[in-house]
Amino acid sequence: MTSSTAFEQAFGFARTDVTLGNWREQPFNRWAFQNIGEMVRSARIPAGEGKVERAPVELGGLLAETVAINGRSETVAGFLERSSTDAFAVMKKGRFIGDWFAPTMPPEARHVIFSISKSLTAILAGALEGEGKLDPNAPVTDYVPEAKGSVYANATVRHVLDMTVSLDFDEAYLDPESAFARYRRATMWNPGGGSETLREFLVSLHQLDEPHGRTFRYRSPNSDLLGIVVERASGQRYADLMSDKLWRPLGAVRDGFVSVDAEGSARAAGGVSVAVRDLARVGEMMRQGGAAEGGRIVPQVWVEDTIHGGDAEVWQRGTMTNLFAHGRYRNKWYQSANASGAYCGIGIHGQWLYVDPKAELVISKMSSQALPVDDPLDLDNVAFFEAICARV
């Protein structure tokens, strides 16, 4: 009988059990979400030199406190475990006041943030807009001429930023025969990829029988297209642009990573991996109106538009009113329209970057939930964040 390895003792399975076909499924996702670079080739997003992260701050007694979550009482520790949390960090007034890590995630680990990547990609667009290199009202084809003949032929960058492209595509995460599965093969996230690049996939998409700008439709390919737009507008690779415009001036301590396809196009919609505290620093930069320790990252007017702009009627025509009944979506950030004025970036499998300007609080939460989308658990997460913001 052979003894189990340290890896098997920690995770309950062998490294060889994790494949490109199952890496987003439990229990394998608990390891794979921290090591996406071993599943899909990735590019490094360098942080600044000489940064040293301070030791985690224990949540202490808060873990045992009981909070109300949609009519149920639950301890903070109990909810973190129930929601498959891997890492959790809280900042108040720019200072880390609490961290929590699952036994399987060390504080220095990077974790894929899935669609919070969209929110970061939009920050790059905002930085380029501030420099006069990107016009959000310009046609997409000004930056990506090969999009002529596709759904993006008569769309603007603003339509892409606000998810109002009338795109004939479904986010069918669990259907192996869907166009979404083809999309994931193009990003090299599923077995069988490599015959079609992400860019080729994007310019093959078609329009619904509705004009752009009328309905909020959450469609991830829009954000991968935005990744190509910011590369073309800046003349830089996505990872280098992220380092120069966000990661270094933010004061990020640890390098980030982004997965890339066969020709090196970044998965700008969902492939970014970062440390939990560095993700919180992004939220704090937004709370500070676009400024960080390294200077201004995006214009304050861009942040104000992001957290207060957007079209409520367009949101109401969409399918996410169950999460924020009176919300809006602008520049790939969600506005809750709650009394706190909270706004957030959200990723599948339980990734959250939540900013409560009234409480002066930022929460970053990384998880390995079993389902990509779990509507009841999403509502519980929002209630949990509200409870935390009321306590600290």
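As shown above, the structure is provided for reference.
All of the points below concern the structure found in this document. For clarity, every value in this text was computed on a predicted model and none was experimentally measured.

## Topic: the overall build of the protein chain
Secondary structure summary: the protein chain contains 13 helices and 15 strands in total. Computed over its C-alpha atoms, the radius of gyration of the protein chain comes to 20 Å, within 12% of the 21 Å expected for a compact globule of 392 residues. Considering only C-alpha atoms, the protein chain reaches an extent of 55 × 55 × 45 Å along its principal axes. If you take every contact in the protein chain between residues at least 6 apart in sequence, the share linking residues at least 24 apart comes to 66%. If you sum the accessible surface of the protein chain, you get close to 15,100 Å²; carbon and sulfur atoms cover 48% of it.

## Section: the pattern of salt bridges
For the coordinates displayed, the defined rule picks out 29 salt bridges. The shortest N-O distance in the salt bridge between R15 and E38 comes to 3.1 Å. Of this pair, R15 sits in the loop between helix 1 (6-11) and helix 2 (29-32) while E38 sits in the loop between helix 2 and strand 1 (42-45), and the two are 23 residues apart along the sequence. The residue D162 makes a salt bridge to R330 at a minimum N-O spacing of 2.7 Å. Of this pair, D162 sits in the loop between helix 5 (157-161) and helix 6 (179-186) while R330 is found in strand 11 (residues 328-330), placing the two residues 168 residues apart along the sequence. Shared partners join several salt bridges into a network, and the residues in it are E53, D99, R277, D278 and R281.

## So, helix 8 (residues 221-234)
Over its 14 residues, helix 8 extends 20 Å from the first C-alpha to the last, a length consistent with the 20 Å expected when each residue adds 1.5 Å. Across the 14 residues of helix 8, 13 count as buried, placing the element largely inside the fold. Of the residues trailing helix 8, G235 is marked for its positive phi of about 75°.

## Observations concerning the layout of surface pockets
The computed volume of the largest pocket comes to approximately 520 Å³. Every residue lining the largest pocket is counted, 26 residues in all, and those nearest its centre are Y173, Y218, M320, V373 and D375. Counting only elements with at least two residues in the lining of the largest pocket, the list comes to strand 13 (343-347) and helix 13 (375-391). Residues belonging to the lining of the largest pocket are distributed by class as follows: 11 nonpolar, 8 polar and 7 charged.

## Concerning empty space enclosed by the protein
In this approach, a probe sized like a water molecule rolls over the atoms, and the result shows the empty space that is left. Taken as a whole and judged by the stated rule, the model has 2 cavities of 30 Å³ or more. Taken as a whole, the largest cavity encloses approximately 60 Å³ of empty space. Lining the largest cavity are F114, S115, K118, Y173, F180, R184, W189, S220, R267, A269, G270 and I348. Looking at the lining of the largest cavity residue by residue, the class counts come to 6 nonpolar, 3 polar and 3 charged. Taken as a whole, the second largest cavity holds about 30 Å³ of empty space.

## Let's talk about the sheet that holds strand 7 (residues 256-259)
Spatial ordering of the open sheet is given by 1-7-8-6, a layout of 4 strands whose pairing is antiparallel. On the outer flanks of this sheet lie strand 1 and strand 6 (111-112), each paired with one strand and no other. Where strand 7 meets strand 8 (residues 272-274), 2 bridges bridge the pair, whose relative direction is antiparallel. For F257, the partnering residue across the bridge sits in strand 8 and is S273.

## Section: the pairing of strand 5 (residues 95-101)
Among the 7 residues of strand 5, 5 are classified as buried, and the element is accordingly described as predominantly covered. Where strand 4 (residues 85-92) and strand 5 come together, 6 bridges link them in antiparallel fashion. Its bridge partner being in strand 5, M91 is matched across the sheet by F96. Between strand 4 and strand 5, which pair antiparallel one after the other, the connecting turn spans 2 residues, and K93 there sits at a positive phi close to 55°.

What counts and what doesn't
Residues numbered from 1 in each chain as written. Predicted model: local features only at pLDDT ≥ 70, side-chain atom pairs only at ≥ 80, totals over all residues. Heavy atoms only, no water. Helix = DSSP H or I, 4+ residues; strand = E, 2+ residues; numbered from the N terminus. Rg over C-alpha atoms; globule rule 2.2 N^0.38 Å. Contact = heavy atoms within 4.5 Å. Areas by Shrake-Rupley, 256 points an atom, 1.4 Å probe, with all protein chains shown as cover. Salt bridge = Lys/Arg side-chain N within 4 Å of Asp/Glu carboxyl O. Expected span 1.5 Å × (residues − 1). Buried < 20%, exposed > 50% of the residue type's maximum accessible area, 1.4 Å probe, protein only. 1 Å grid on protein atoms, 1.4 Å probe; cavity = no way out; pocket = protein on both sides within 12 Å on 5 of 7 lines; lining within 4 Å. Points joined across faces, edges and corners; volume = space filled by probe spheres on them. Nonpolar A, V, L, I, M, F, W, Y, C, P; charged D, E, K, R; others polar. Pairing = 2+ DSSP bridges.

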